[in-house]
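# Coordinate inspection notes
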Amino acid sequence: MITSGPTRQYLDPVRYLTNASSGRMGASLAEAALAQGHDVVVVSGPVSVRYPDGAEVINVITTDDMLRVAGELFPKCDGAIGAAAPCDYKPHQVSDEKLSKTGRPIQLDLIETPDVIAQLGQSKRSDQWVVGFALETDDRNFRATVKLQKKCCDLIVSNGPEAIDAMDNHVELLDIQGKIIETIAGDKPHVATRLIHHIHDRLIQRKATSL
């Protein structure tokens, strides 16, 4: 299973919080996993990118939707790759009517949304694996390692904000101890191919051998 794209958290019937995630990384990962012979289901927020025909795609809107669908699917999956960029905050209250201009500042009270990959990582069985993504602006390796441990991931991909809505990516893949396995740069299909290679060798084959 691959989570992909952004999510939206509505303020009123027409306005929402989101980010510029394009879903390209998720689509590239799906393509690379299919090329290796794996069955793929993508849980995707709203994107314009096209996912490969061989993947099952389930569309969601909010972070809660993504958590619910991913949580339902995960027990049937070998593992999960969290390439999505879910909206981390949502308004404490959502207006039923469009918020009108008043000429005065408006204050939004925001609360955190659930962490999709953390909840999957905490619920995984011994025969399952979880790979996370950590997008940070500074102290990337340190913060990625903290997230890896907090979210109970088996591997984590560290990248920066330049990855958002871009054709290329520059990532570091970290193992469970936080050591860099490989630094990968290039277009997203290339990065995805290398990531799936490591996931296959380090997680899928090892889990299968240990059974």
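Our structure's up above, just so we're on the same page.
Overview of the structure.

### A word on the overall build of the protein
Along the backbone of the protein there are five helices and 12 strands. Relative to its length of 211 residues, the protein is compact, with a C-alpha radius of gyration of 17 Å against a globular reference of 17 Å. Its C-alpha atoms give the protein principal-axis dimensions of roughly 60 × 35 × 30 Å. The proportion of buried residues among the 211 residues of the protein is 45%. Put simply, of all contacts in the protein between residues at least 6 apart along the chain, 60% involve residues at least 24 apart. Positive and negative side-chain charges of the protein, numbering 23 and 28 respectively, have mean locations separated by a distance of 2 Å.

### Some words on the state of the cysteines
For the coordinates displayed, the defined rule picks out zero disulfides. Cysteine Cys153 is unpaired, with the sulfur of Cys152 as its nearest cysteine sulfur at 7.7 Å. Given the relative accessible area of 2%, Cys153 is considered buried.

### Here's the deal with the sheet that holds strand E5 (residues 56-59)
Spatial strand order, E5-E4-E1-E6-E9-E10-E11-E12: eight strands in an open sheet with mixed pairing. Of all strands in the sheet, those with a lone pairing partner are E5 and strand E12 (180-187), marking the two edges. With strand direction ignored, the average angle separating the axes of adjacent strands in the sheet is 20°. Across seven bridges, the pairing between strand E11 (residues 168-174) and E12 is antiparallel. Directly across from Leu173, in E12, lies its bridge partner Glu182. Docked against the sheet, helix H3 (residues 116-123) engages strand E1 (2-4), strand E6 (79-82) and strand E9 (129-135), running at close to 155° with respect to E9. The strands touched by helix H4 (residues 140-150) within the sheet are E9, strand E10 (155-159), E11 and E12, with E10 carrying the most contacts at an inclination of about 150°.

Rules of the game
Residues numbered from 1 in each chain as written. Predicted model: local features only at pLDDT ≥ 70, side-chain atom pairs only at ≥ 80, totals over all residues. Heavy atoms only, no water. Helix = DSSP H or I, 4+ residues; strand = E, 2+ residues; numbered from the N terminus. Rg over C-alpha atoms; globule rule 2.2 N^0.38 Å. Buried < 20%, exposed > 50% of the residue type's maximum accessible area, 1.4 Å probe, protein only. Contact = heavy atoms within 4.5 Å. Lys, Arg positive; Asp, Glu negative; His and termini not counted. Charge placed at Lys NZ, Arg CZ, Asp CG, Glu CD. Disulfide = S-S within 2.5 Å. Pairing = 2+ DSSP bridges. Axes fitted to C-alpha atoms, helices over the stretch in contact; angles between N-to-C directions.

That's the geometry; what it means functionally is another story.
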